Every structure is written in structure tokens, then in C-alpha cells.
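Take a look at the letters that make up each chain.
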Amino acid sequence: GRQHCSVISAAVPWEQSREYFYNLAKRRISQDAYVSQLKAADSTLSTAAALDILKSMCSADWEDNTAISSFYTDSAAEIAAKIASVKKESIQSKIDALNAQLGEL
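Residues numbered from 1 in each chain as written. Predicted model: local features only at pLDDT ≥ 70, side-chain atom pairs only at ≥ 80, totals over all residues. Heavy atoms only, no water.

(A) Looking closely at the side chain of glutamine 31. Of note, glutamine 31 is situated in helix H1 (residues 14-41). A relative accessible area of 7% means that glutamine 31 is categorised as buried. In contact with glutamine 31, not counting residues within four places along its chain, are Leu51, Leu54, Trp62, Ile68 and Tyr72. (Helix = DSSP H or I, 4+ residues; strand = E, 2+ residues; numbered from the N terminus. Buried < 20%, exposed > 50% of the residue type's maximum accessible area, 1.4 Å probe, protein only. Contact = heavy atoms within 4.5 Å.)

So, in C-alpha cells, the structure goes:
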């Protein structure tokens, strides 16, 4: 059978709905952009693995859209450095694999 995952975490009061969905959208736009950049830097990364990298860099409550959105804004330079590091490691891994293949010839 089909399993259902919990998508709705809590009811949002109408008075706070605009702010809630604004912060959710802001977070997801930034998060999706960073996940895409990480996956482009290392083609072996899954979406979940890219999210794990971002989670490991963040000390804020992962369920707090406002805090995570602020983290993405405030830590843009650190995240960019991490993306560059992931890309460098990926390239080095490819070079090592090619060198190993060359040694077998």
C-alpha cells in the first residue's frame, strides 16, 4: 500500500498565515538554490545529502522557517565556501579515480 508522510505539522492561525507562508517560501527558494548548487558541484550528491550538508552547517531549529531563512542570508559567504569545497573535493575524487584507472593500464 501507499504510505503517507506527515506534511502538515500544525495549523497556522489566519492572522499569521501571510507571514508564515512568506517565510516558508523565502526559505524554500534559498534552500532549493543552495541544494541545486551543491548538486552541480558534486553530481553524486542526492537532494537529501545536499540538505544534510546545509543542516550540518546550521545551529538553528531546522523547523523554524524564519531562523533558517536568516541563516541562509547571514551565512551566504560560508555556504558559498562550502559549495566551493564540495566542488574541489569532487574534482579531486575524479582525478584520483582517473589516476587509478591509468595505473591499471
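Back to the text.
(B) Representation of the nonpolar core in the model. Leu38, Leu54, Tyr72 and Ile79 are the most contacted members of the largest nonpolar core, which totals 16 residues. At the level of secondary structure, the elements contributing two or more residues to this core comprise H1, helix H2 (47-57), helix H3 (65-74) and helix H4 (76-104). Counting residues per element, this core draws most heavily on H1, which supplies four residues. The contacts of isoleucine 79, once residues within four sequence positions are left out, are Tyr34, Leu54, Met57, Phe71 and Tyr72. (Core = buried A, V, L, I, M, F, W, Y, C linked by side-chain atoms within 4.5 Å.)

(C) Spatial organisation of the packing of aromatic side chains. Counted according to the given criterion, the structure contains three aromatic pairs. On the basis of an interplanar angle of 85 degrees and a centroid distance of 4.9 Å, the ring pair of tyrosine 20 and phenylalanine 21 is categorised as edge-to-face. Residue class for tyrosine 20 comes out partly exposed when judged on its relative accessible area of 31%. In this structure phenylalanine 21 comes out as partly exposed when scored by relative accessible area, which is 47%. One aromatic cluster in this structure is built from Tyr34, Phe71 and Tyr72. Above the face of the tryptophan 62 ring, arginine 27 is positioned so that its terminal group lies 4.8 Å from the ring centre. (Phe/Tyr/Trp six-rings, centres within 6.5 Å; stacked < 30°, edge-to-face > 60°. Lys NZ or Arg CZ within 6 Å of the ring centre and 35° of its normal.)

What is shown is where atoms sit, not what they do.
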